[in-house]
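Chain residues, written in single-letter form:
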Amino acid sequence: MLLSHRARLFELWGIAARYRIDTHFPIEDALQLAPLARLIKLHPKAWGKSHQDNAVKFALEDMGTLFLKLGQLLSTRRDLVPPEIIAQLVQLQDKVKPFDSSIAIAQIEDKKLGLGAPLNELFARFDAKPLAAASIAQVHTAALTDGREVVVKVVRPDIHKVIVQDFELLRELASWLSARIEAARAVHLIDIVEDYRQVMLNELDLTLEADNTTKMRENFLGSALMYVPQVYDAAKQVMVMERIQGVPISQTALFDKLGYDRAALAEKGLTIFFTQVFRDNFFHADMHPGNVFVETPPVATLSQANPPNLNHAPRYIGLDCAIMGSLSKDDQLIVARLLLAVMNNNFTALVDIVSRAGWIPPNTDKHALVRDMRRTVAPMVQKSINEIDFAGVLMQILDIARRHHMTIPPQLMLLLKTLVHVEGLGRDLYPDLDIWSLAKPILTGWVKEQLDPLRNLQALREQLPELLLSTTDIPKLLDQGLQSLASQGSRQDQQLREIQQIRADLLNNRRRDWAAIAGFGICIAIATQVIAVASPIFYLLAVFFVIWRMLA
């Protein structure tokens, strides 16, 4: 129950009250948020305090990593969050309160979780002042002994316990909502919380992030779209990687000053997203502006394995590959076909795809579902990214899922979270971006490639040796199958005998019930008609029938 986490709930209540975050609620939201605002003002820590600058940022910092992540997600949603709060949330991308550099150095030198060597042996220079600090870690600049400029990422101390505690609270909340709200069940809210718990805990292990970074670097090595820095060394709580020259994608004013084509840059970002999802099946799932950079001059620090070209358009720079997503081949194809159906305004095909995927019950009214999806989704296909209320459409789709008992697989929710990030980034970078015109040829080409008979024949040819070798197991599998059928037949015979015995027992019990009821009724009837001396005998007989039935 949520009350089992009352200590943490009271702590969060106290933090919200200390910073008076209720004074930052927009006036137009006052009615909806009035109960929450009154609750905050009731806390003693709120008494005598008024509006404070940057209070939302400071409160989320004190609340912990999970709330920092929520702030980062909302920081890209200028369509949902007022500008004065956005200005605070943007700081959570890389301007979170840092921890002491002496702690960072101790973690770097730690033999179990760090690099296991003195700082002066690892680096020719180490800058104690952090370059940036975020929800999970902070970054220091340094130089290796051979002169290469690097950044050193160090995990925040003692955050594992808080993350586990907050996810236990979040899981209780998800269970409470799932028991009461059908939409929460439709999206498998509990599974989403559990999956994201593991994602967050994995983010604390920088060896996993190092592996992800290396894999994504190999996917885009030599690409004109994106550059991924090289990892030089990594341990569980420390990672050393190449230092890059770039700025966060949110710095649109600088792009204008440098003469960058923001429309081309936005199209390139969307192309990268679809390339990661469909070509590589390995996509960055934490794309807030603090993790997405764009090259800026000078670019001399980029490695010669992928030399810069000052004459071409700037590339994106992929950072912080801790949270990565992937889909099964079936889910990839389903997502691509769903998007194409939406782009083609073919909602009958969309519902057929959903039905074949097993996301709706067999008895669903498909005509009603087609009508609801067309009414909700069709208007956004004709709009630029600045005019699309993606979050609003998503909420309407979830409401449709609730009404039609539709289920959405948990593995797709990470992709939806990424889409929320991507849409928010595109909205800031180039609001007139036509995502549909750009995405349609990419998706059409990928689907045709997946369904190409020659390609599938080639794949079959490559798998043929393995298939031929597996035929040697056919006699063994046939024997196992026959034995399984025989044992299954004997089990079915036994189950049939048990069912027959249960039926016989039910018939016997029914006979005893009627005998007991009849005996009880007759005895009571006689007892009420005979003389007073004899009536107790019949009452005793009536009790006897009751006891007999209870014991029989």
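Analysis parameters
- Residues numbered from 1 in each chain as written.
- Predicted model: local features only at pLDDT ≥ 70, side-chain atom pairs only at ≥ 80, totals over all residues.
- Heavy atoms only, no water.
- Helix = DSSP H or I, 4+ residues; strand = E, 2+ residues; numbered from the N terminus.
- Buried < 20%, exposed > 50% of the residue type's maximum accessible area, 1.4 Å probe, protein only.
- Contact = heavy atoms within 4.5 Å.
- Areas by Shrake-Rupley, 256 points an atom, 1.4 Å probe, with all protein chains shown as cover.
- Axes fitted to C-alpha atoms, helices over the stretch in contact; angles between N-to-C directions.
- Parallel < 35°, antiparallel > 145°, perpendicular 65-115°, else oblique.
- Nonpolar A, V, L, I, M, F, W, Y, C, P; charged D, E, K, R; others polar.
- Pairing = 2+ DSSP bridges.
- Expected span 1.5 Å × (residues − 1).
- pLDDT = per-residue confidence, 0-100.
- Core = buried A, V, L, I, M, F, W, Y, C linked by side-chain atoms within 4.5 Å.
- Phe/Tyr/Trp six-rings, centres within 6.5 Å; stacked < 30°, edge-to-face > 60°.

1. Quick look at the overall build of the protein chain
For the protein chain, the count of helices and strands is 22 helices and twelve strands. Sorting the 552 residues of the protein chain into buried and exposed places 44% on the buried side. Looking at the protein chain alone, contacts between residues at least 24 apart form 71% of all its contacts between residues at least 6 apart. Summed over all atoms, the accessible surface of the protein chain reaches about 29,400 Å², with 60% contributed by carbon and sulfur.

2. Some words on the packing of helix 1 (residues 6-18) against helix 8 (residues 160-180)
Between helix 1 and helix 8, the shortest axis-to-axis distance is 10 Å and the interhelical angle comes to 100 degrees. Considering their axes alone, helix 1 and helix 8 lie roughly perpendicular with respect to each other. When helix 1 is examined against helix 8, the residues Arg8, Leu9 and Leu12 are found in contact with a partner set consisting of Val162, Gln165, Asp166 and Leu169. Looking at the contact of helix 1 with helix 8 residue by residue, the classes come out as four nonpolar, one polar and two charged.

3. Quick look at the sheet that holds strand 8 (residues 246-248)
Pairing within the open sheet is mixed, and its four strands lie in the order 5-11-10-8. Among the strands making up the open sheet, the edge pair consists of strand 5 (226-227) and strand 8. Sheet topology note: the strand 8/strand 10 (residues 292-295) ladder contains three bridges and is antiparallel. Opposite Val247, over in strand 10, you have Val294 as the bridge partner. Relative to the sheet, helix 13 (residues 262-280) contacts strand 5, strand 10 and strand 11 (316-318), its axis offset from that of strand 11 by approximately 35 degrees.

4. Here's the deal with helix 1
With 13 residues, helix 1 extends 18 Å from end C-alpha to end C-alpha; this agrees with the ideal 18 Å at 1.5 Å per step. Phi turns positive one or two residues past the end of helix 1, at Arg20, with a value near 50 degrees.

5. Here's the deal with the confidence of the model for the protein chain
Summary statistics for the protein chain give a mean pLDDT of 78 and a share of 81% for residues scoring 70 or more. Between residues 27-31, whose pLDDT stays under 50, and residues either more than four places distant or in other chains, the model counts zero contacts. Predicted confidence for residues 299-311 stays below pLDDT 50, and this span has 22 contacts to residues more than four positions away or in other chains.

6. Quick notes on helix 8
In this model, helix 8 (21 residues) spans 31 Å end to end at C-alpha, consistent with the 30 Å of a helix rising 1.5 Å per residue. When helix 8 is considered as a whole, its buried residues turn out to be Ile163, Asp166, Phe167, Leu169, Ala174 and Ser178.

7. Some words on the nonpolar core
Counting 86 residues, the largest nonpolar core has Met216, Ile249, Phe255, Phe278, Tyr316, Leu350 and Leu443 as its most contacted members. Ala17, Ile21, Met63 and Leu68 belong to the second-largest nonpolar core, a separate cluster that totals 19 residues.

8. Focus on the packing of aromatic side chains
Summed over the entire model, instances satisfying the criterion amount to seven aromatic pairs. Measuring from ring centre to ring centre gives 6.2 Å for Tyr19 and Phe58, while their planes differ by 40 degrees; the resulting arrangement is tilted. Of this pair, Tyr19 sits in the loop between helix 1 and helix 2 (30-42) while Phe58 is found in helix 3 (residues 55-63), placing the two residues 39 residues apart along the sequence. Residue Tyr19 is classed as buried on the basis of its relative accessible area, which comes to 13%.

9. Some remarks on the side chain of Asp280
Note on placement: Asp280 falls in helix 13. Look past the residues within four positions of Asp280 in its chain and what remains in contact with it is Asn219, Phe220 and Thr275.

10. Things to note about the pairing of strand 6 (residues 231-234)
Strand direction decides the pairing type here: strand 6 and strand 7 (residues 238-242), joined by three bridges, are antiparallel. Looking at strand 7, one finds that Val231 is bridged to Met241. Where strand 6 hands over to strand 7, the hairpin turn is made up of three residues, counted between the paired strands.

11. Observations regarding the side chain of Arg20
Looking at the element boundaries, Arg20 is found in the loop between helix 1 and helix 2. The buried category is assigned to Arg20, whose relative accessible area is 11%. What Arg20 contacts, discounting residues up to four positions off in sequence, is Lys41, Ala46, Lys49, Ser50 and Gln52.

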